[in-house]
Amino acid sequence: MSEPTGAARRRGPFQVGDQVQLTDPKGRHYTFTLEAGKSFHTHKGAFPHDELIGAPEGSVVRTTGNVAYLALRPLLPDYVLSMPRGAAVVYPKDAGQILAMADIFPGARVVEAGVGSGSLSSFVLRAIGDQGMLHSYERRADFAEIATQNVERYFGGPHPAWQLTVGDLQDNLSDTDVDRVILDMLAPWECLDAVSKALVPGGILCAYVATTTQLARTVEAIREHGTFNEPSAWETMVRTWHVEGLAVRPDHRMIGHTGFLLTSRRLADGVEPPLRRRRPAKGAYGEDYASANREQASAQSGKADESGGEGTEPPATDV
Ligand SMILES: C[S@@+](CC[C@H](N)C(=O)[O-])C[C@H]1O[C@@H](n2cnc3c(N)ncnc32)[C@H](O)[C@@H]1O
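Rules used throughout
- Residues numbered from 1 in each chain as written.
- Predicted model: local features only at pLDDT ≥ 70, side-chain atom pairs only at ≥ 80, totals over all residues.
- Helix = DSSP H or I, 4+ residues; strand = E, 2+ residues; numbered from the N terminus.
- Buried ≥ 20, exposed ≤ 12 C-beta atoms within 10 Å, placed from the backbone.
- Contact = placed C-beta atoms within 7 Å.
- Expected span 1.5 Å × (residues − 1).
- Arc of directions from axis to C-beta.
- Pairing = 2+ DSSP bridges.
- Axes fitted to C-alpha atoms, helices over the stretch in contact; angles between N-to-C directions.
- UniProt positions renumbered as here; feature names shortened; annotations may be inferred.
- Near = placed C-beta within 6 Å.
- Nonpolar A, V, L, I, M, F, W, Y, C, P; charged D, E, K, R; others polar.

**As for the overall build of the protein chain**
- Secondary structure summary: the protein chain contains eight helices and 15 strands in total.
- Referenced to the eigenvectors of the C-alpha coordinate spread, the extents of the protein chain come out at roughly 70 × 50 × 35 Å.
- Residues counted as buried form 34% of the 319 residues belonging to the protein chain.
- Pairs at least 24 apart in sequence give 66% of the contacts found in the protein chain among residues at least 6 apart.

See below:
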């Protein structure tokens, strides 16, 4: 039986064409592709790629300047943080949440938009496997091109479960019987009609948004739409720790904000969403809410672009 796409590149001795992640004595990472006859240069000397070809992962190489580098294949979380970017990527901590909470399973039929740099596409393709289907939509042809290169470099070629369409999701989505839809874009509320038509009953809509105003608008639009159940919304924060002798404490620096997540499930056709038992807090939908909504709608009609320039992207941590 042949291996799932990309699996052969995840194990065994290093081969030509593999991605290698070097870690220097200060813990800094450098990523490159192995090519026979080439050298890797650092400011402390060089070493030939041939030294790694055929060597096991976890080998140590020394440069001509006698600096030792640990060589491992980058994990997918490493890879998405070091790959070329068009738009801001979904960070590994959120990709993990999406895979778990949107219940992405082997063989699932998934739709996503936008593709951006292809970070989430890579995580989803790995989870659904060769028998699944991921149809990704991206309105910008230049981002679609960057994403294609990133995904194909990771899997070592085209992934059989992946289809990419350049265009707006709401105008182009024609898939039916879709199990999961994941939206990572500025205005998910504009896509609800299309998403509702595509999803199977019980299917999951998952949205990833950067700001509280987007979160509120998406949740309210889902409620008003009438074909979804009550959405759940949350965020996660990951705090890394310094563990050394008696100095055991949180690291001083952390990524404080990436985005908010929400999920909601498609109801069966013709079903009225059950009434929520808990009434909204007094005043939650009063005059202040109406005027805030008006302001938000007019602010968002002069849309920000989504190239990662919204001031919300956490710093890249690699290369
Ligand atoms: C933050 S990026 C997505 C990043 C991507 N999920 C990743 O992990 O690399 C948002 C993308 O959505 C695209 N986009 C926004 N609205 C869209 C729509 N209605 N249909 C398709 N793509 C859309 C933008 O062009 C942008 O590339």
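Having seen the model, we can carry on.
**Remarks on helix α7 (residues 212-225)**
- Taking 1.5 Å per residue, 14 residues should reach 20 Å; α7 reaches 20 Å between its end C-alpha atoms and fits that length.
- If you check which residues of α7 are buried, you get Gln214, Leu215, Thr218, Val219 and Ile222. On an axial view of α7, the arc spanned by its buried residues comes to 125°, and they lie on one face. Seen from the open side of α7, the exposed residues pointing more than 90 degrees away from its buried face are Thr212 and Glu224.
- Among the structural elements, α6 (192-198), β11 (199-209), β12 (232-234) and β15 (260-265) are those in contact with the buried residues of α7.
- Of the residues one or two after α7, Gly226 is the one with positive phi, at around 85°.

**Considering the sheet that holds strand β7 (residues 109-113)**
- The strand order β9-β8-β7-β10-β11-β15-β12 describes an open sheet built from seven strands, whose pairing is mixed. Bordering the open sheet on either side are β9 (162-166) and β12, each of which pairs with just one other strand. In this sheet, adjacent strand axes meet at a mean angle of 15° when their direction is disregarded.
- Pairing of β11 with β15, which is carried by six bridges, proceeds in the antiparallel orientation.

**What about the environment of Ala198?**
- With respect to the helices and strands, the residue Ala198 is situated in helix α6.
- Sequence-wise, Ala198 and Ala247 are 49 residues apart; in three dimensions their C-alpha atoms are separated by 53 Å.
- In contact with Ala198, other than residues within four places in its own chain, are Val111, Leu173, Asp175, Thr176, Val178 and Val181.

**Quick look at the UniProt feature "binding site: S-adenosyl-L-methionine" (unreviewed entry) in the protein chain**
- Those residues carrying the UniProt feature "binding site: S-adenosyl-L-methionine" (unreviewed entry) are Ser117, Gly118, Ser119, Leu120, Glu138, Asp168 and Asp184 in this numbering.
- Along the chain, Ser119 turns up in helix α3 (residues 119-128).
- For Ser119, a count of 29 C-beta atoms within 10 Å translates into the label buried.
- For Ser119, the contacting residues outside a window of four places in its chain are Val80, Val89, Val90 and Ala95.
- You can see Asp168 is positioned in the loop between β9 and α5 (169-172).
- By the C-beta count within 10 Å, which is 17 here, Asp168 ends up partly exposed.

**Some words on the site of the ligand**
- Among the 24 residues in the neighbourhood of the ligand, the closest are listed as Ala87, Gly114, Gly116, Ser119 and Met185.
- Elements with a contribution of two residues or more to the shell around the ligand: α3, β8 (133-138) and α5.
- The residue inventory of the shell around the ligand, partitioned by class, reads 12 nonpolar, six polar and six charged.

**Brief notes about unusual backbone geometry**
- Following Ala113, the chain continues into Gly114 via a peptide bond in cis, with omega recorded as -15°.
- In the Ramachandran plot, Asp103 falls in the positive-phi region, its phi being about 55° despite a non-glycine side chain.
- For Asp103, the position within the fold is in the loop between α2 (92-101) and β7.
- Looking at Asp103, the number of C-beta atoms within 10 Å reads 16, which means it is partly exposed.
- For Asp177, which is not glycine, the phi torsion reads 55° and is therefore positive.
- Tracing the sequence through the fold places Asp177 in the loop between α5 and β10 (178-183).
- In this structure Asp177 comes out as exposed when scored by C-beta crowding, with 10 C-beta atoms within 10 Å.

**A closer look at α3**
- Judged by how many residues are buried, α3 sits mostly within the fold: 10 of 10 residues are covered.
- Those residues of α3 not exposed but buried are Ser119, Leu120, Ser121, Ser122, Phe123, Val124, Leu125, Arg126, Ala127 and Ile128.
- Phi for Gly129, located one or two positions after α3, is positive at around 75°.

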